[in-house]
Amino acid sequence: MTRASRRDFIRGVSALGLFNIVPSSVFGAEAPSNRLTRALIGFGGIARSANHLPFKGSRLVGLCDPDWLHVEAGLDCAEKAGWGKVRAYRDFIELLDDPGVDIVHICTPPHWHGCMSVMAARAGKDIWCEKPMTRTVGEGVRVMEYVKAKKRMFRLNTWFRYTDPFYGLGSPVKPVRQIVQNGILGAGPIRCVFGAGQGFDWKFYWSGKVNLKPEACPKTLDWDMWLGPAPWRPYSRHRCHETFRGYWDYDAGGLGDMAQHYLDPLQYLLCKDETSPVRVDYVGPRQHPEAVGRFDRITLTYADGTEVVLDGDRSLMDEPFLRGSNGVTVWPYRESDGTVHTWTPKEKTDRWMRMLDADGREMDVKRLVAELPEPPPQQTDFIDSCKTRRRFCLNEETGFRSCTMFNLAIAAERLGRGFAFDPVSLHAKDDPAADRFLYQSMRAPWAHEFYRD
């Protein structure tokens, strides 16, 4: 897209006049630096987290958001964080058109992730994208193929496959990968359970409301731009900002919020980075077509029989995190009172998961792991990836596979039943209804931007 046609496109999709009267004081001069530059697309709560605005590995030069109140908050936070007076862009298309930006951080709701990733790759930017990578399998296929074709660097913003204790497990993922890849859990299929009993909270409070009444949109918000590729709906406060996760148009409740944090490390430790489940099964209530509810149990099954069970009704509280075909089990670390502690990324601990042999006897995990070959090293520095063009370990391909796991779960949840999936063709098998959830359409004009070369 030429610079002139970009300006025409901006005028066509965003008519919010107040973005044309940005005070000159917010366009401060950039300090000289040879570091890579970056800008934030979206400034809600997640943009303030350590991997975005405060991140010191590259130089923050600007941000944008369809809500001017968010823009003002972002400019203030950037100055307080030591970045000076960064630039406020009219919208993300103007940001992508700026040759002074090397990396874009996509900190928007998930319904924008796929479209913005493709447009950023087309604009020659490297991409640091919030989780989940995409809302659907179809969006993920496009992002994976396009980003790779454009030779851009892509990083998904979850990190447990390579650093920090993995939530309630009380251990980094690397030693669990060693245990799995060296056959300590047997040669046959493995069963994994994710739920409250294993230290993984599905956050069912991210639920939508039904029969919402239209409300007057704040003058500071460009609602049409906020919706972007999602279906048009009248503005309602509960559909936007802090509570958007409760609506299928934008996310998938607690499953959309947390599943890539949980399932990407699992995919890595199960050595499944190059494939996807062949079947998903669902047990739970029927879902409202707009508002996300809860689920009871979702089971993802791989071709080798390995099962990943998402426990929503807490009926599997006493199950191990992993159960091998030989009876060996892996359990989360538990406090002395029996509770599972959910570690935050900032906490460091030398407590590890527990392992029991087939007879229920405690195993010396650290001694066992010390004697096992280690997995291949991973590229874990995204800024180095951008400089050297060595792909980050959680890139568009590995991220696509872990995103596909819960995109299948979301489709089954919305259908109210399971279906078979082909991990090669990336379509539901003989099930057009399931495929309609896996490959959803986008609203114009964003569909054109997403699919054009």
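Residues numbered from 1 in each chain as written. Predicted model: local features only at pLDDT ≥ 70, side-chain atom pairs only at ≥ 80, totals over all residues. Heavy atoms only, no water.

A few words now on the overall build of the chain. Of regular secondary structure, the chain possesses 13 helices and 15 strands. Against the compact-globule benchmark of 22 Å for 453 residues, the chain has a radius of gyration of 22 Å, which places it among compact chains. Projected onto its principal axes, the C-alpha positions of the chain cover 70 × 50 × 45 Å. A buried classification covers 57% of the 453 residues belonging to the chain. Counting every atom, the chain has about 18600 Å² of accessible surface; 52% of that belongs to carbon and sulfur. For the chain, the distance from the average position of its 61 positive side-chain charges to the average position of its 58 negative side-chain charges is 4 Å. (Helix = DSSP H or I, 4+ residues; strand = E, 2+ residues; numbered from the N terminus. Rg over C-alpha atoms; globule rule 2.2 N^0.38 Å. Buried < 20%, exposed > 50% of the residue type's maximum accessible area, 1.4 Å probe, protein only. Areas by Shrake-Rupley, 256 points an atom, 1.4 Å probe, with all protein chains shown as cover. Lys, Arg positive; Asp, Glu negative; His and termini not counted. Charge placed at Lys NZ, Arg CZ, Asp CG, Glu CD.)

With that settled, the discussion passes to the pattern of salt bridges. Tallied over the entire structure, the rule returns 37 salt bridges. The shortest N-O distance in the salt bridge between Lys 148 and Glu 397 comes to 3.2 Å. Here Glu 397 lies in helix 11 (residues 396-415) and Lys 148 lies in helix 5 (residues 137-149), a separation of 249 residues in the sequence. Three or more residues are tied together by salt bridges with common partners; here these are Lys 131, Lys 203, Arg 245, Asp 251 and Asp 257. (Salt bridge = Lys/Arg side-chain N within 4 Å of Asp/Glu carboxyl O.)

Right, let's talk about the packing of helix 5 against helix 11 for a bit. Two measures define how a pair of helices packs: the angle their axes make with one another and the distance between the axes. For the pair helix 5 and helix 11, interaxial distance at closest approach is 9 Å and the crossing angle is 175°. Classified by the angle their axes make, helix 5 and helix 11 are roughly antiparallel. Across the interface between the two elements, Val 137, Gly 140, Val 141, Met 144, Val 147 and Lys 148 from helix 5 touch Glu 396, Glu 397, Phe 400, Thr 404, Asn 407 and Leu 408 from helix 11. When the residues that make up the contact of helix 5 with helix 11 are grouped by side-chain class, the tally is six nonpolar, three polar and three charged. (Axes fitted to C-alpha atoms, helices over the stretch in contact; angles between N-to-C directions. Parallel < 35°, antiparallel > 145°, perpendicular 65-115°, else oblique. Contact = heavy atoms within 4.5 Å. Nonpolar A, V, L, I, M, F, W, Y, C, P; charged D, E, K, R; others polar.)

Our next topic: helix 11. Taking 1.5 Å per residue as the helical rise, helix 11 with its 20 residues ought to reach 28 Å, and the 27 Å between its terminal C-alpha atoms agrees with that figure. Thr 404 marks where helix 11 bends most, by close to 25°. Extensive coverage of helix 11 is indicated by the burial of 19 of its 20 residues. (Expected span 1.5 Å × (residues − 1). Bend = angle between axes of the 7 residues up to and from the residue.)

Looking now at the environment of Trp 159. The topology assignment puts Trp 159 in the loop between strand 6 (154-156) and helix 6 (174-181). Classification of Trp 159 by relative accessible area gives buried; the value is 15%. Taking the C-alpha atoms as reference points, Trp 159 and Cys 393, 234 residues apart in sequence, are found 9.5 Å from one another.

Function cannot be read off these values alone, since they describe shape.
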